[in-house]
Amino acid sequence: MKKADFVASISAKSGLSKTQTDAAISAFMDTVMEAVADGKKVSLVGFGTFESRERAARQGRNPQTGEALSIPASKAPAFSAAKAFKDRVKEAR
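As the structure is a prediction and not an experimental result, all values here were calculated from the model.

What about the side chain of Glu51?
Position of Glu51 among the secondary structure elements: in strand S2 (residues 48–55). Here the side chain of Glu51 touches Arg53 through a polar contact of 3.2 Å, side chain to side chain. Once you skip the residues sitting within four places of it in the chain, Glu51 turns out to touch Val36, Lys40, Lys41, Ala76, Pro77, Ala78 and Ser80.

Here's what the structure looks like:
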């Protein structure tokens, strides 16, 4: 599902215009990205949690040459689905 499809679906379910829905979804995404970038967790009960996770430094290998190289530590965004979300996906089979 692309963003335009998502906006249309939310608009139909909420009764908001597509323009209002797009603005709300964009505000939601900006807010979540800002919070996670600041090291905060965003928990939505019944949906899941967005957070930043640390990746440790490690050794890698160049697949073309076989040469060892260092991969530095980094941060990455992560999402953990809530139990209700996981159960809904399991039932959809």
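Still more to cover.
Here we look at the nonpolar core
Counting 5 residues, the largest nonpolar core consists of Val32, Ala35, Val36, Val42 and Phe50. No other element matches the 3 residues that helix H2 (residues 18–37) contributes to this core. The contact partners of Ala35, leaving out residues within four places of it in the chain, are Lys40 and Val42.

A closer look at the pattern of salt bridges
Tallied over the entire structure, the rule returns 4 salt bridges. The salt bridge involving Asp87 is made with Lys83; its shortest N-O contact spans 2.8 Å. Here Lys83 and Asp87 lie together in helix H3 (residues 83–91), a separation of 4 residues that amounts to about one turn. What you see here is one network of salt bridges that share partners, running through Lys41, Glu51 and Arg53.

Topic: the pairing of strand S3 (residues 58–61)
One ladder, built from 4 bridges, connects S3 with strand S4 (residues 68–71); its direction is antiparallel. Paired with Arg61 across the two strands is Ala68, which belongs to S4. Between the antiparallel neighbours S3 and S4 lie 6 residues, among them Gly66 with a positive phi of about 80 degrees.

Let's talk about the sheet that holds strand S1 (residues 42–44)
Backbone hydrogen bonds hold the strands of a sheet together, and the pairing may be parallel or antiparallel. On the basis of which strands lie adjacent, the open sheet formed by 3 strands has the order S1-S2-S5 and antiparallel pairing. Each edge of the sheet is formed by a strand with only one pairing partner; in this case those strands are S1 and strand S5 (74–81). Recorded for the sheet is a direction-independent mean angle of 30 degrees between the axes of neighbouring strands. Pairing analysis gives 3 bridges linking S1 to S2, with the strands arranged antiparallel. When the bridges of S2 are listed, Leu44 appears paired with Gly48. Contacts from H2 reach S1 and S2 within the one sheet, and its direction differs from that of S2 by about 35 degrees.

About the cut-offs
Residues numbered from 1 in each chain as written. Predicted model: local features only at pLDDT ≥ 70, side-chain atom pairs only at ≥ 80, totals over all residues. Heavy atoms only, no water. Helix = DSSP H or I, 4+ residues; strand = E, 2+ residues; numbered from the N terminus. Polar contact = N/O pair within 3.5 Å; in protein donor to acceptor, adjacent residues only side chain to side chain. Contact = heavy atoms within 4.5 Å. Core = buried A, V, L, I, M, F, W, Y, C linked by side-chain atoms within 4.5 Å. Buried < 20%, exposed > 50% of the residue type's maximum accessible area, 1.4 Å probe, protein only. Salt bridge = Lys/Arg side-chain N within 4 Å of Asp/Glu carboxyl O. Pairing = 2+ DSSP bridges. Axes fitted to C-alpha atoms, helices over the stretch in contact; angles between N-to-C directions.

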